[in-house]
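What follows is each chain in one-letter form.
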Amino acid sequence: MRMLINSPETVVADALRGMAAAHPELDVDVERRVVVRRNARGGGRVGVVSGGGSGHEPLHAGFVGYGMLSAACPGEVFTSPVPDQMLRAAAAVDSGQGVLFVVKNYTGDVLNFEMAAELAEEDGLRVERVLVNDDVAVTDSLYTAGRRGTGATLFVEKIAGAAAEEGAPLERVAELARRVNASSRSFGVALSACTTPAKGSPTFDLPDGELELGIGIHGEPGRERRAMMPAREIAEIAVGAVLEELAEVGPAGGPVLALVNGMGATPLLELYGFHAEVARVLAERGVTVARTLVGNYVTSLDMAGCSVTLCRVDEELLRLWDAPVRTAALRWGR
Amino acid sequence: MRDAEFFRRWMTAAGAAVEREADRLTELDSPIGDADHGSNLLRGFTAVRAALEAGPAATPGAVLQLAGRTLISTVGGASGPLYGTLLRRTGKDLGEAAEVSDEEVRKALYAGVGAVAQLGGAAPGDKTMLDALVPGVAALSASYRVAADAAEGGARATVPMLARKGRASYLGERSIGHQDPGATSSALLLAALADTADAADAADPAGSA
């Protein structure tokens, strides 16, 4: 397997050095693995901090900047960062208004952010945590680790960041973030496994002519394997699965944000073609799409495939979604 | 009685076992996880060795607490907090004594495993590290070797289990048929403890307590 890297051991540090070189508006601590918005404490705002394993770029560091994250903590590839990183990020962004941790629901992320929150509170910081768990492929019950956090992370980080930018207090930012998460559902499909730099070979074996339904974003296989099918049929399965669970959230017919997300190795040509089918299915089901994002935002290294995330929005959430944002990977309106 | 040096040797032996088995742990983590358990633990135990060489941990409790803190600060994922908590809680339970008896080690490890269960929210049978740790610690009253064998048996017994916690749980039925990587590394940790005790007792037959 050929990769554009120096060595598997240095991929995360090398990428951070590249971010520092490309984005002088960010404070990148390569050694300690924290990416902070320049002058993060300056505006007296609530800090919005996220983090997780590397390999999902541009998530999370690509979303640090005006109107979105105050800081991000990248872990090793597909491995949650450690509490020391989160503490440093919290200390770097706290202006006395408190800090929101946006945590994807994986055991490792949950445990490390939990430890970091306890230590930060001992240091006198106010910390709120919001768990993102939008993946409908996983059964959510007391006897499981619960639904995974995937595409909705982008919606949560954007809307919480916009609220913080406007000067909303910590409780309000946290409440909005939880509302966005509760209103969002995702479903992912893999056309190939991904290759982690450490292992150097695909994380699972997917024969030609087959696809995995219900995948996560860590190269873990999905729930079910089927024969390869055209984009229109994949869209029907994915959108159908999301809408079925979204029905629990609120009455059908309200507007949604739609994210058609590439997993890393699927060309935009294919993603847009797939989105045409997603838009068709949504129209047939009577769902109004308020805003759409198509691209690679919450990826899984070089996995081919896509995910569909829908979030039911009201006027307030839509206004915060439309608010200006200026980050490496998402920017508009400013 | 066991002194701080005994626990340093245990941690060194655990690090060597992780280094030896890193590829196998990562291989086990591929079909039902994300193929990094070996490299993550190796990073952690390499840091533990450096911390113990640099640090002034003078008691059994201090050695394990330093090792636990180091794992939490370097491993990440779920294994970092879980293994870190296991060692920290065991170390705390050993207190500040310069030497501890095997009975005290047994009780402390029991408390450590309890803390892991509480933090991770898992129970035996969920296909996690607890499936090796719980039978292992239960067998400590016999000997360290019996405990290591029980943990190894527990790790093997995870093969037919359906994962209910951790990354493997996302696979549902498809998690069946694979040995749990966390249970496997837990068995390595207890095997390293048995090896350390065997070596210490061979050197000083009167020293075991």
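I will try to describe carefully the structure that is included in this document. What you are looking at is a predicted structure, and each value in this text was computed from that prediction instead of being measured.

Thresholds, definitions, all that
Residues numbered from 1 in each chain as written. Chains lettered and ligands numbered in written order. Predicted model: local features only at pLDDT ≥ 70, side-chain atom pairs only at ≥ 80, totals over all residues. Heavy atoms only, no water. 1 Å grid on protein atoms, 1.4 Å probe; cavity = no way out; pocket = protein on both sides within 12 Å on 5 of 7 lines; lining within 4 Å. Points joined across faces, edges and corners; volume = space filled by probe spheres on them. Helix = DSSP H or I, 4+ residues; strand = E, 2+ residues; numbered from the N terminus. Core = buried A, V, L, I, M, F, W, Y, C linked by side-chain atoms within 4.5 Å. Buried < 20%, exposed > 50% of the residue type's maximum accessible area, 1.4 Å probe, protein only. Contact = heavy atoms within 4.5 Å. Pairing = 2+ DSSP bridges. Right-handed = clockwise from strand over helix to strand, strands pointing away. Phe/Tyr/Trp six-rings, centres within 6.5 Å; stacked < 30°, edge-to-face > 60°. Lys NZ or Arg CZ within 6 Å of the ring centre and 35° of its normal. Axes fitted to C-alpha atoms, helices over the stretch in contact; angles between N-to-C directions. Expected span 1.5 Å × (residues − 1). Polar contact = N/O pair within 3.5 Å; in protein donor to acceptor, adjacent residues only side chain to side chain. Patch = residues over 30% accessible without salt bridge, like charges linked within 9 Å, V, L, I, M, F, W, Y side chains within 5 Å. Areas by Shrake-Rupley, 256 points an atom, 1.4 Å probe, with all protein chains shown as cover. Salt bridge = Lys/Arg side-chain N within 4 Å of Asp/Glu carboxyl O. Lys, Arg positive; Asp, Glu negative; His and termini not counted. Charge placed at Lys NZ, Arg CZ, Asp CG, Glu CD.

Concerning empty space enclosed by the protein
In step 1: Tallying each qualifying case throughout the model produces four cavities of 30 Å³ or more.
In step 2: Surrounding the largest cavity, 34 residues form its lining, Ala78(B), Ser79(B), Leu82(B), Gly166(B) and Arg167(B) being those nearest its centre.
In step 3: At the level of elements, helix H3 (107-122) of chain A together with helix H1 (4-32), helix H2 (37-54), helix H4 (79-94), helix H5 (102-120) and helix H8 (181-203) of chain B are the ones that each hand at least two residues to the lining of the largest cavity.
In step 4: Element by element, the count of residues in the lining of the largest cavity is highest for H5(B), at three residues.

Observations concerning the nonpolar core
Generally speaking, a soluble globular protein has its nonpolar side chains buried in company with each other.
In step 1: Counting residues in hydrophobic clusters, the biggest one holds 65 residues, and the most contacted among them are Phe63(A), Leu100(A), Leu154(A), Phe155(A), Val173(A), Leu257(A) and Tyr297(A).
In step 2: At nine residues, the largest contribution of residues to this core is made by helix H4 (residues 152-165) of chain A.
In step 3: Non-local contacts of Phe63(A), meaning those with residues more than four positions away in its chain, are made with Pro58(A), Met68(A), Leu69(A), Leu154(A), Glu157(A), Tyr297(A), Thr327(A), Ala329(A) and Leu330(A).
In step 4: Grouped together as the second largest cluster of nonpolar side chains are 56 residues, Phe6(B), Ala67(B), Val105(B) and Ala187(B) included.

Some details on the environment of Asp322(A)
In step 1: Note that Asp322(A) resides in helix H8 (residues 315-322).
In step 2: Every residue in contact with Asp322(A), bar those within four places of it in the chain, is listed here: Arg291(A) and Trp332(A).

Things to note about the pairing of strand E11 (residues 256-262) of chain A
All names here are of chain A.
In step 1: With seven of seven residues buried, E11 lies mostly within the body of the structure.
In step 2: Neither face of E11 is exposed, since Val 256, Ala 258, Val 260 and Gly 262 on one face and Leu 257, Leu 259 and Asn 261 on the opposite face are all buried.
In step 3: Relative to strand E12 (residues 289-295), E11 is paired through six bridges, and the arrangement is parallel. Bridge pairing links Val 256 to Val 289 in E12.
In step 4: Crossover connection from E11 via helix H7 (residues 268-284) to parallel E12: handedness right-handed.
In step 5: Looking at chain direction, E11 and strand E13 (residues 305-312) are connected through seven bridges and run antiparallel. Opposite Leu 257, over in E13, you have Cys 311 as the bridge partner.

Examining the environment of Thr46(B)
In step 1: Structurally, Thr46(B) can be placed in helix H2.
In step 2: Remark: the alpha-carbon pair of Thr46(B) and Ala16(B), spanning 30 residues in sequence, is separated by 9.1 Å.

Considering the packing of aromatic side chains
In step 1: A complete count under the given rule lists seven aromatic pairs over all chains for this structure.
In step 2: Judged by centre distance (5.3 Å) and plane angle (85°), the rings of Phe155(A) and Trp321(A) are edge-to-face. Separated by 166 residues along the polypeptide, Phe155(A) in helix H4 and Trp321(A) in helix H8 bring together distant segments of the chain.
In step 3: Judged by relative accessible area, Phe155(A) falls into the buried class, the value being 0%.
In step 4: Plain terms: the ring middles of Trp321(A) and Trp332(A) are 5.3 Å apart, the flat faces sit at 55° to each other, and that makes the pair tilted. With Trp321(A) in helix H8 and Trp332(A) in strand E15 (residues 331-332), this pair connects stretches of sequence that are eleven residues apart.
In step 5: A relative accessible area of 4% means that Trp321(A) is categorised as buried.
In step 6: Within the aromatic cluster, the residues linked to one another by ring pairs are Phe6(B), Phe7(B), Trp10(B) and Tyr144(B).
In step 7: Over the ring of Tyr170(B) we find Arg148(A), and its NZ or CZ is 4.8 Å from the ring centre.

Digging into the sheet that holds strand E2 (residues 34-37) of chain A
Residues and elements named next belong to chain A.
In step 1: The strand order across the open sheet built from six strands is E1-E2-E5-E3-E6-E7, with neighbouring strands paired in mixed fashion. Two strands close off the open sheet at either side, each with one partner strand: strand E1 (26-29) and strand E7 (127-132). Neighbouring strand axes in the sheet, compared pairwise and without regard to direction, differ in orientation by 20° on average.
In step 2: On the sheet, helix H1 (residues 11-22) packs against E1, E2, strand E3 (47-54) and strand E5 (71-77) and is oriented at approximately 150° with respect to E5.
In step 3: Sheet contacts for helix H5 (residues 170-182): E3, strand E6 (99-104) and E7; angle to E7, the most-contacted strand, approximately 5°.

Some points on helix H7 (residues 144-156) of chain B
In step 1: In a regular helix each residue adds 1.5 Å, so 13 residues correspond to 18 Å; H7(B) covers 18 Å between its end C-alpha atoms and thus fits that length.
In step 2: In this structure Ser143(B) caps H7(B), since a side-chain oxygen of it lies 3.3 Å from the backbone nitrogen of Arg145(B).

A look at a positive patch on the surface
In step 1: Together, Arg69(B), Arg88(B), Arg89(B) and Lys92(B) line one region of the surface with positive charge.
In step 2: Position of Arg88(B) relative to the elements: it lies in helix H4.

Section: the pattern of salt bridges
It is possible for side chains bearing opposite charge to pair when their charged atoms get close.
Residues and elements named next belong to chain A.
In step 1: Counted by the stated rule, this structure contains 36 salt bridges over all chains.
In step 2: Residues Glu 316 and Arg 172 are paired through a salt bridge, measuring 2.2 Å at the closest nitrogen-oxygen approach. Of this pair, Glu 316 sits in helix H8 while Arg 172 sits in helix H5, and the two are 144 residues apart along the sequence.
In step 3: When its relative accessible area of 24% is taken as the criterion, Glu 316 is described as partly exposed.
In step 4: When its relative accessible area of 29% is taken as the criterion, Arg 172 is described as partly exposed.
In step 5: Three or more residues joined by partner-sharing salt bridges are found here, namely Arg 172, Glu 175, Arg 179, Asp 314 and Glu 316.

Considering unusual backbone geometry
All names here are of chain A.
In step 1: The linkage connecting Glu 57 with the following residue, Pro 58, adopts the cis geometry, with an omega of 10°.
In step 2: The topology assignment puts Pro 58 in the loop between E3 and strand E4 (65-66).
In step 3: That bond from Leu 59 to His 60 is cis: its omega, -10°, falls within 30 degrees of zero.
In step 4: Of note, His 60 is situated in the loop between E3 and E4.
In step 5: Phi is positive for Asn 39, close to 60°, though the residue is something other than glycine.
In step 6: Structurally, the position occupied by Asn 39 is in the loop between E2 and E3.
In step 7: Look at Phe 78: it is not a glycine, yet its phi comes out positive at around 60°.
In step 8: Examined against the element boundaries, Phe 78 turns out to sit in the loop between E5 and helix H2 (83-93).

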